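Architecture and fold: a report
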Amino acid sequence: MADFNLDTFSTITGGDALGAVGASFGIPPCLMDLAKGVLASLIPTPVLAAIQLQIEKARAAARAAIKKIFKWLASKTGILEYDTESGTLQFKSISSLGSIDAGIIGVIGQIGVFIEAITTATQEAVSIYNNIKGQIEDIADCIQKFKDIQEFQAGPGIGGSPILYNAEQEAVTSKYEQLNTFINDCNDAINNINSIFVARQNDPSLEPEFNEELADILEGTGFKVGPASDPGLQDDTFRLVFGPPKTTNGQYLLSIDGLYYDAQSGGLDPVLISVSGDIDPGDVWKYEFDPNLGGKGQAISLKSINKFVDNLFDPDLIDDSASLQDYYDADHFLQVLNQQKAKHTSDLKNQIASLEVEFGENSSVVQNFKQSIVSQISAHDQKIKKRKKQIEIAVKVPSTYGDGTLAFEKGKIPINDFSFLEEYKLGVDLQLQKSLVFDQADVVGIVLPIKPKFVKATEKPESISFKHLTVPKVGKGQIIYSASGTKEPSILSLTDEIETKNLFAIYNFLETKTVLPSSTEFFVTNCATEDTYNNAQLVTTNASKVFVSGLGIPYLKGITENKSSTPSQVSALGSFLKLPNTKEFRDLTYSPSGFSIDFWTHIPNITDADAGWLSGTTSSLTKVILGCENIGSKSNVNQIDSVGDLKDLDYLANEKGDSYVRGMLMGFTRDRRITQNDIGFSNDNALNDPVSSLSFFIAPTISRDLSSASWINSDSCQNTTNYFKMSVDLHSSQIGNVSSQFIHMNVSVDPEKDLVSLYCDGSLVTTSSIESVFGSEYGIAGLPTIVKQNSFEYSSTTVVGPDTVKNGPLLNSVVAGQVELKYTPWIVGGGYTDGNSYYGNFLGGDRSGIISGLRGFLGSLKFYSKPLDTTEVLKNYNAQKGFFKNIQI
């Protein structure tokens, strides 16, 4: 083992006497001060734990040194016989104390990674360190000194200076005082680190997060990598992740994590109540424990049929195994029950918090309220258990008592129907069946009743029904909230209050399941159906990036987040919604019956060029709500103007053939080509100032070639810079309220009337002809068109950025005859081409900004296969304004 050569180290690095004591045990004084101070809270747990370990070892070494002082004194006075130590004693590093070399290389390596990360962070910026870069540099410098100490380890002990035994007695006294002070410092540092660990255990959000740009550097370290802070959001916007938004009146019931909430103890983690890996020693010899733990499980024979059947119909014995979880996830009715319970539970939880502020935590009002809500939470649990048990029976009975052929497909298991048990000759007590059905006491409102069907315990049972036992269908678009001033828990009415005719998709964003772009899973529930058809994808690396202000109102940044230092390069995956590849969405703008898009939105800082539009870095001119734009052109086709130059992107003609790719964009823009008339592009932020030039717009796009696309020039001769579009100035309409509150918007396209109508908060804002908006002469928009072989698609060869973005989102495909056709998917929250790193990102070229992420909130997104009229739009607005207009911004 190597000794620490203090003479050499001190000569090169300097240091005071007490500092030399710490350094002699491998701990520089700056690291000790760091561990004792407030800056320790900025160090990731793995590094902080490593530092604590070194301090503990240094403290032990210092204590051993004090012991040696007393041994020396005792030997000098003759009280004890002098006991020599092995070798000459010197100042030593902690790695030379005993046999504690093991693991030090790994610790140093991890600290080295931390140094690299925070050094990079001072350049690229860690989200929580923006205002403390100088302190970060001090941390890096200090930890570097720790590494230097390790490098100054010498060979055998004879190379160093003696610690105690060659010193005079007065020097020994001074050295003892230094060691004792050092031990006290160690105690303070260890206690401070322990308090930080306890705080992080109680509140995991206290763990420092590094920007995703550092993910490659930090891979395998255990450091927490989180989303970058968004300058478009105020600090107080980050709140209640996965819970309800803050309200101006009442409480919202919007928490999917409330599914496991216990009103009295404050919450149950489902992981903690699952089957553990511990086996009772007395049961080991039986091998009846879970096969996953090495046992044989418990066999079920014909002799145990009656007992098994009774248990199978017991609603308190729920099978949450992975094999059944797929059936639970696919069941639309169960998912809605989960969401209702979760929302209701969260509301009750927040009401308790409100009452505790008003009356006190231990007041009779609070305690009685807690007791009164137990039964309400239990009622939700019972409904969920009933539905799970119905599903479990439909899955297990055929495999146990039949030939294994399932009676129903996933997502198709009927409600309140046990008649299928007839063919299995299964004698089930009627009361057991009745205990699992939903009756009118379980819900509010009766809509399209579902009659329960039972099986009698006879050989040829008849299905019987009870008319008073009914279950209504789930209401579409309902979001629970409490009325103003009430302390009573709210109940969701299952009657439909929004317009539902020709509604084929509605997304209320009450689920927290997110996926990466490469996923084929679609978890965002479409409440317009009773199955998973037309479910959507909420794509991001972490749900916390989306639900920054609560469920129901996801914050969408777009497909990519780009580096501020190199704007064309992608730094991380953003957050967006990908709509499904189904006939309804492929034909959305092609249908002669028209379509309607209905949603709520709030865009903070939309009039701030820096915070809202990232001027000067990854500058944005457009915030896309819905888009399907792309680049590309047919082979042997080019865009050359009359003088032989490549056609200017401001003058792309309305080509109707199949040579180019057409798409559509809808959202907000400060691009003066859209906000003003007869004016060309400019990349000057001052000439695209959102304070004076800002519009909501709908416009088609067309590609020029494989590198770029742009707006479609509406001048038949392309002599002016006017474009096909609908554009409404935010400063002259109620749409401008989008910066301070949620607004309801509806875009309805009616081919029969050749009319595009725009509504805001239930009122008609403006109308235009379909031709003037989309450049179509046939009454339909017909977007997007099929892409070309050289169109943009996310891949390792088209994107400069992390692999998560290179893997998607991919183009959609559809097989027509023997030919596979591809087209751009509908993206909600940003444009598709933002990741086009090699050709200018969004839309390509040099004049549309770098990115087009919405960087705003969206709620209750609805799609209709018909245009809505004024009455229907107002109906939607009135049905949901109580929720969205009550959100505290």
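The model shown is predicted, which means the values in this text are computed figures rather than measured ones. (Residues numbered from 1 in each chain as written. Predicted model: local features only at pLDDT ≥ 70, side-chain atom pairs only at ≥ 80, totals over all residues. Heavy atoms only, no water.)

**Concerning the overall build of the chain**
Scanning the chain from terminus to terminus reveals 18 helices and 22 strands. Expressed as a percentage of the 889 residues in the chain, the buried residues total 52%. Intrachain contacts of the chain at a sequence separation of at least 6 include 74% that bridge at least 24 residues. When the accessible surface of the chain is totalled, it reaches about 38000 Å², and 50% of it is carbon and sulfur. (Helix = DSSP H or I, 4+ residues; strand = E, 2+ residues; numbered from the N terminus. Buried < 20%, exposed > 50% of the residue type's maximum accessible area, 1.4 Å probe, protein only. Contact = heavy atoms within 4.5 Å. Areas by Shrake-Rupley, 256 points an atom, 1.4 Å probe, with all protein chains shown as cover.)

**A short note on the pattern of salt bridges**
Evaluated as defined, the whole model comprises 21 salt bridges. Residue D531 pairs with K412 through a salt bridge whose shortest N-O separation is 3.2 Å. In this pair, D531 sits in the loop between β5 (503-507) and β6 (537-539) while K412 sits in the loop between α12 (364-401) and α13 (430-434), placing the two residues 119 residues apart along the sequence. Between R673 and D650 there is a salt bridge; the shortest N-O distance is 2.9 Å. (Salt bridge = Lys/Arg side-chain N within 4 Å of Asp/Glu carboxyl O.)

**Some thoughts on helix α18 (residues 870-884)**
In a regular helix each residue adds 1.5 Å, so 15 residues correspond to 21 Å; α18 covers 20 Å between its end C-alpha atoms and thus fits that length. Maximal helix bending in α18 amounts to about 30°, located at N878. Looking at α18, one finds that the buried residues are E872, V873, N876, Y877, A879, Q880, F883 and F884. Tucked inside the fold, the buried residues of α18 contact β10 (595-602), β16 (743-750), β17 (755-760) and β22 (856-864). The residue sitting at the N-terminus of α18 and contributing the capping side-chain oxygen is D869; that oxygen lies 3.1 Å from the backbone nitrogen of T871. (Expected span 1.5 Å × (residues − 1). Bend = angle between axes of the 7 residues up to and from the residue. Polar contact = N/O pair within 3.5 Å; in protein donor to acceptor, adjacent residues only side chain to side chain.)

**Some remarks on unusual backbone geometry**
In this chain, L783 is followed by P784 through a cis amide linkage whose omega measures -5°. Following the sequence through the fold, P784 ends up in the loop between α16 (770-774) and α17 (803-806). That bond from G808 to P809 is cis: its omega, 10°, falls within 30 degrees of zero. Among the secondary structure elements, P809 is positioned in the loop between α17 and β19 (812-816). Of note in the backbone geometry, N605 takes a positive phi value of approximately 60° without being a glycine. The residue N605 is located in the loop between β10 and β11 (622-627) in this model. With a relative accessible area of 19%, N605 lands in the buried category. Of note in the backbone geometry, L843 takes a positive phi value of approximately 65° without being a glycine. Mapped onto the elements of the fold, L843 is located in the loop between β21 (827-828) and β22.

**A word on the environment of N192**
Within the secondary structure layout, N192 lies in helix α7 (residues 169-202). The spacing of N192 and Q52 is 140 residues in sequence and 9.7 Å in space, taken between C-alpha atoms. Contact partners of N192, with chain neighbours within four places excluded, come to A35, K36, G37 and A40.

**Some points on the nonpolar core**
Core analysis: the biggest nonpolar cluster contains 54 residues, and Y507, F668, F696 and F863 have the highest contact counts within it. In terms of residues, this core owes the most to one element, β16, which gives four residues. If you look at the next biggest cluster of nonpolar residues, it comprises 26 residues, including V624, L665, V799 and V805. (Core = buried A, V, L, I, M, F, W, Y, C linked by side-chain atoms within 4.5 Å.)

**Regarding the environment of F369**
Looking at the secondary structure, you find F369 in helix α12. A sequence separation of 21 residues divides F369 from L348, and the C-alpha atoms of the two residues are 9.3 Å apart.

**Considerations on the packing of aromatic side chains**
Two aromatic rings, taken as a pair, are described by how far apart their centres are and by the angle between their planes. This model, assessed by the stated rule, comprises 14 aromatic pairs. Residues F697 and W711 carry aromatic rings whose centres are separated by 5.6 Å and whose planes lie at 80° to one another, so their mutual orientation is edge-to-face. In this pair, F697 is assigned in strand β13 (residues 695-703) and W711 in strand β14 (residues 709-711), connecting sequence segments 14 residues apart. Judged on exposure class, the residue F697 and its partner W711 are both buried. Three or more aromatic residues joined by ring pairs form one cluster here, namely Y555, W600, F742, F857, Y877, F883 and F884. (Phe/Tyr/Trp six-rings, centres within 6.5 Å; stacked < 30°, edge-to-face > 60°.)

**Comments concerning the side chain of D750**
With respect to the secondary-structure elements, D750 resides in strand β16. Nearest to the buried, unbridged D750 among oppositely charged side chains is K753, at 4.3 Å. Setting aside anything within four residues of it in sequence, one finds D750 in contact with L755, I770 and P867. (Lys, Arg positive; Asp, Glu negative; His and termini not counted.)

**Re the environment of F585**
Among the secondary structure elements, F585 is positioned in helix α14 (residues 583-586). With 240 residues separating them in the primary sequence, F585 and P825 have C-alpha atoms 9.0 Å apart. Residues in contact with F585, not counting those within four places in the same chain, are F504, A505, Y507, N534, L579, P580, W826 and F863.

**Looking at the confidence of the model for the chain**
This prediction gives the chain a mean pLDDT of 75; 65% of its residues lie at or above 70. Counting contacts from residues 122-133, a segment whose pLDDT is below 50, to residues more than four positions away or on other chains yields 25 contacts. The low-confidence segment residues 443-449, where pLDDT is below 50, has 20 contacts with residues more than four positions distant or belonging to other chains. (pLDDT = per-residue confidence, 0-100.)

**Quick look at the pairing of β11**
Extensive coverage of β11 is indicated by the burial of six of its six residues. Strand direction decides the pairing type here: β11 and strand β12 (residues 662-669), joined by five bridges, are antiparallel. In the sheet register, G627 faces β12, and the bridge partner there is L665. As judged from the two bridges shared by β11 and β21, these two strands associate in the antiparallel manner. Paired with G627 across the strands is I827, a residue of β21. (Pairing = 2+ DSSP bridges.)

**Observations concerning the pairing of β17**
For β17, the tally of buried residues reaches five of six residues, placing the bulk of the element in the interior. Here β16 pairs with β17 via six bridges, running antiparallel. Within β17, the position partnered with N746 by the bridge is Y759. Counted between consecutive antiparallel strands, the loop separating β16 from β17 contains four residues, among which D754 sits at a positive phi close to 50°. Bridge count between β17 and strand β18 (residues 763-768): five bridges; the pairing is antiparallel. The partner of C760 across the bridge, within β18, is S763. Between β17 and the antiparallel strand that follows it, β18, lie two residues; D761 among them carries a positive phi value of about 50°.

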